[in-house]
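So you can see what is in the structure, the chains are spelled out below.
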2 protein chains.
Amino acid sequence: MLELQRRIREQGTTAPGGVIRVDSFLNHQIDPLLADRIAGEFARRFSDIRVTRVLTIEASGIAFAVLVALKIGVPLVFAKKGRSRSLGDDAVYTASVRSFTRGDEFTVSVARKYISKDDSVLIIDDFLAMGEAAQGLVDIVRQSGANVGGVGIVIEKGFQPGGRKLRNQGVRVESLAVVSRITDQGDIVFRDNSTID
Amino acid sequence: MLELQRRIREQGTTAPGGVIRVDSFLNHQIDPLLADRIAGEFARRFSDIRVTRVLTIEASGIAFAVLVALKIGVPLVFAKKGRSRSLGDDAVYTASVRSFTRGDEFTVSVARKYISKDDSVLIIDDFLAMGEAAQGLVDIVRQSGANVGGVGIVIEKGFQPGGRKLRNQGVRVESLAVVSRITDQGDIVFRDNSTID
């Protein structure tokens, strides 16, 4: 998605260790018009599959996921970080997710009643790097017996293994901007195939 | 907002201690069509004021806030729970928020560069009960020198003091459904003036 790549290049900043900051328009302040076009692009790319639920994880995936769910006309479910106290343990699917940014591990939970084996689930998230969060969501969908329709990612760090790990499992991953590398000068280089809109 | 009250009455559940659960359509699974109409109602109610930023707090306020921001055509900023490691302490506004549900206290942060004294901020959140989260957001807007245009709440627990505390400070609070009490049978009773759509 060329508009997204342009915004990342112009307004994103980088830091050592492969860090890409898009706080100004994507995950702290959000440009809702861009978010809406991002959602439209996900809806277009996954228009060939059946989707009965959109699934994301709190917090920064929610803005994109609700707009995708609105366009497709299906419910959104967002996985909660931590075990939900208000539901019994047998009432939730859980997965364990390592956070490389924060250096810890946390549990994500989804109430069982909101994903059933008849569902076909589209997973949406803002970033894919090591792939831990997306893998946790895929695991939850598999626990439910539902179909993993696909994974839609706003920014994939192509130099980290998350995308490859998911695709190697046969999961369809559509990333709107794939960063192949960050130069020593801090410039962001996109993978060629993601520059074709 | 009558549609919202009907959904709360039909699909919400209650528990002792004034707990209202709306997991099935509002804050774990979200009906995006209802969320969009909720956002439209906020945009309508606040159409008489200048709004340059929508502000919410992660996580469950984001879905409504991004839809409001999209309708008004201004950026959304969502406050992060915890201190952001990626920003220096002097780069953020912070407020301390007590959580009565969880029995702890946490810090909410907003990067200073995303709210300035020239802004007029519309605060959006899903629930207003003790008012701690909304008060934290109001405090952050005041730290920035910006105008608090108003606070839009999906469900206000009118039997808890948050709404009164904010209104006593001269803050305009618009709640789409105000629950005045929960009966001993667990029925949800709405405040009269909120039944007029």
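This is a predicted model, so every value here is computed, not measured.

Focus on the overall build of chain A
Looking only at helices and strands, chain A has six helices and eleven strands in total. In terms of C-alpha radius of gyration, chain A reaches 16 Å, essentially the compact-globule figure of 16 Å for 197 residues. Taken along its principal axes, the extent of the C-alpha atoms in chain A is 50 × 35 × 30 Å. Looking at the 197 residues of chain A, the share that counts as buried comes to 50%. Here the analysis covers contacts within chain A between residues at least 6 apart in sequence; of these, 61% occur between residues at least 24 apart.

A look at the pairing of strand 8 (residues 120-128) of chain B
Within a regular beta strand, the side chains point alternately toward one face of the sheet and then the other, so they alternate between its two faces. Residue and element names in this part refer to chain B. Across the nine residues of strand 8, eight count as buried, placing the element largely inside the fold. Pairing analysis gives three bridges linking strand 4 (residues 53-57) to strand 8, with the strands arranged parallel. What sits directly across from Leu55, in strand 8, is Ile123. In this fold, strand 8 hands off to helix 5 (residues 132-144), which returns the chain to strand 9 (residues 147-157); that crossover is right-handed.

Points about helix 1 (residues 2-11) of chain A
Residues and elements named next belong to chain A. Those residues of helix 1 that sit buried are Leu4, Gln5 and Ile8. Along the axis of helix 1, the buried positions cluster into a sector of 100 degrees, meaning they face one direction only. Those residues of helix 1 that are exposed and aimed more than 90 degrees away from the buried face are Arg6 and Glu10. Each element contacted by the buried residues of helix 1 is listed here: helix 3 (32-45), strand 9 (147-157), strand 10 (173-182) and strand 11 (188-190).

A word on the relation of the copies chain B and chain A
When chain B is fitted to chain A, the residual RMSD is 0.0 Å, and the transformation amounts to a turn of 180 degrees plus an axial shift of 0.0 Å. What we have between these two chains is a two-fold relation. Taking C-alpha positions as reference, the residue of chain B nearest the rotation axis is Ala59(B), located at 2.4 Å. In this assembly, 100% of the residues forming the interface of chain B have copies in chain A that are likewise at the interface, indicating an isologous arrangement.

Quick look at the interface of chain B and chain A
With 26 residues of chain B at the interface, the matching set in chain A holds 26 residues. Those elements giving two or more residues to the side of chain B that touches chain A turn out to be strand 3 (29-30), helix 3 (32-45), helix 4 (62-72) and strand 5 (76-81) of chain B. Element by element, the count of residues in the side of chain B that touches chain A is highest for helix 4 of chain B, at six residues. Residue composition of the side of chain B that touches chain A, by class: 17 nonpolar, three polar and six charged. Pairing geometry for strand 3 (residues 29-30) of chain A and strand 5 of chain B, over two bridges, is antiparallel. Counted as the bridge partner of Ile30(A) is Leu76(B) from strand 5 of chain B.

Some details on the nonpolar core
By size, the foremost hydrophobic cluster in this structure holds 129 residues, and its most contacted members are Val54(A), Val66(A), Val68(A), Val54(B), Val66(B) and Val68(B). If near-sequence neighbours (up to four positions away) are discounted, Val54(A) is found in contact with Ala65(A), Val68(A), Ala69(A), Ile72(A), Val74(A), Leu76(A), Leu122(A) and Ile124(A).

Topic: the pairing of strand 10 (residues 173-182) of chain B
Residue and element names in this part refer to chain B. Judged from the six bridges that link them, strand 9 and strand 10 form a sheet pairing that is parallel. Counterpart to Ile155 in the pairing with strand 10 is Ala177. Note: strand 10 against strand 11 (residues 188-190), three bridges, orientation antiparallel. Its bridge partner lying in strand 11, Ile182 is registered against Ile188. Taking the residues that link successive antiparallel strands as the turn, the strand 10-strand 11 hairpin has five residues, and the phi of Gly186 there is positive, at about 90 degrees.

Details of the packing of helix 3 of chain A against helix 4 (residues 62-72) of chain A
Residues and elements named next belong to chain A. The geometry of helix 3 relative to helix 4 is characterised by a closest axis approach of 8 Å and an angle of 55 degrees between their N-to-C directions. With respect to helix 4, the axis of helix 3 lies oblique. Note that helix 3 runs across helix 4; the crossing there is right-handed. For the pair helix 3 and helix 4, the contacting residues are Ala35, Asp36, Ile38, Ala39, Gly40, Phe42 and Ala43 in the first and Ala63, Phe64, Leu67, Val68, Lys71 and Ile72 in the second.

Focus: the environment of Asp90(A)
Residue and element names in this part refer to chain A. Tracing the sequence through the fold places Asp90 in the loop between strand 5 (76-81) and strand 6 (92-99). With 6 C-beta atoms packed within 10 Å, Asp90 lands in the exposed category. The sequence separation of Asp90 and Arg181 amounts to 91 residues, and the corresponding C-alpha distance is 43 Å.

Things to note about helix 3 of chain B
Residue and element names in this part refer to chain B. Across its 14 residues, helix 3 extends 20 Å between first and last C-alpha, which sits within 8% of the 20 Å expected from 1.5 Å per residue. Of the positions making up helix 3, those classed as buried are Pro32, Ala35, Asp36, Ile38, Ala39, Phe42 and Ala43. Considered in projection along helix 3, the buried side chains sweep an arc of 160 degrees and stay on one side of the axis.

As for the confidence of the model for chain A
Any region with low pLDDT has predicted coordinates that should not be read closely. Of the residues in chain A, 94% have a pLDDT of 70 or more, and the chain-wide mean is 94. Predicted complex metrics record ipTM = 0.95 and pTM = 0.95.

A look at unusual backbone geometry
Note the cis peptide between Glu58(A) and Ala59(A), where omega equals 5 degrees. Along the chain, Ala59(A) falls in the loop between strand 4 (53-57) and helix 4.

Basis of the calculations
- Residues numbered from 1 in each chain as written.
- Chains lettered and ligands numbered in written order.
- Predicted model: local features only at pLDDT ≥ 70, side-chain atom pairs only at ≥ 80, totals over all residues.
- Helix = DSSP H or I, 4+ residues; strand = E, 2+ residues; numbered from the N terminus.
- Rg over C-alpha atoms; globule rule 2.2 N^0.38 Å.
- Buried ≥ 20, exposed ≤ 12 C-beta atoms within 10 Å, placed from the backbone.
- Contact = placed C-beta atoms within 7 Å.
- Pairing = 2+ DSSP bridges.
- Right-handed = clockwise from strand over helix to strand, strands pointing away.
- Arc of directions from axis to C-beta.
- Least-squares fit on C-alpha atoms with pLDDT ≥ 70 in both.
- Nonpolar A, V, L, I, M, F, W, Y, C, P; charged D, E, K, R; others polar.
- Core = buried A, V, L, I, M, F, W, Y, C linked by C-beta atoms within 7 Å.
- Axes fitted to C-alpha atoms, helices over the stretch in contact; angles between N-to-C directions.
- Parallel < 35°, antiparallel > 145°, perpendicular 65-115°, else oblique.
- Left-handed = near helix turned anticlockwise from the far one by under 90°.
- Expected span 1.5 Å × (residues − 1).
- pLDDT = per-residue confidence, 0-100.

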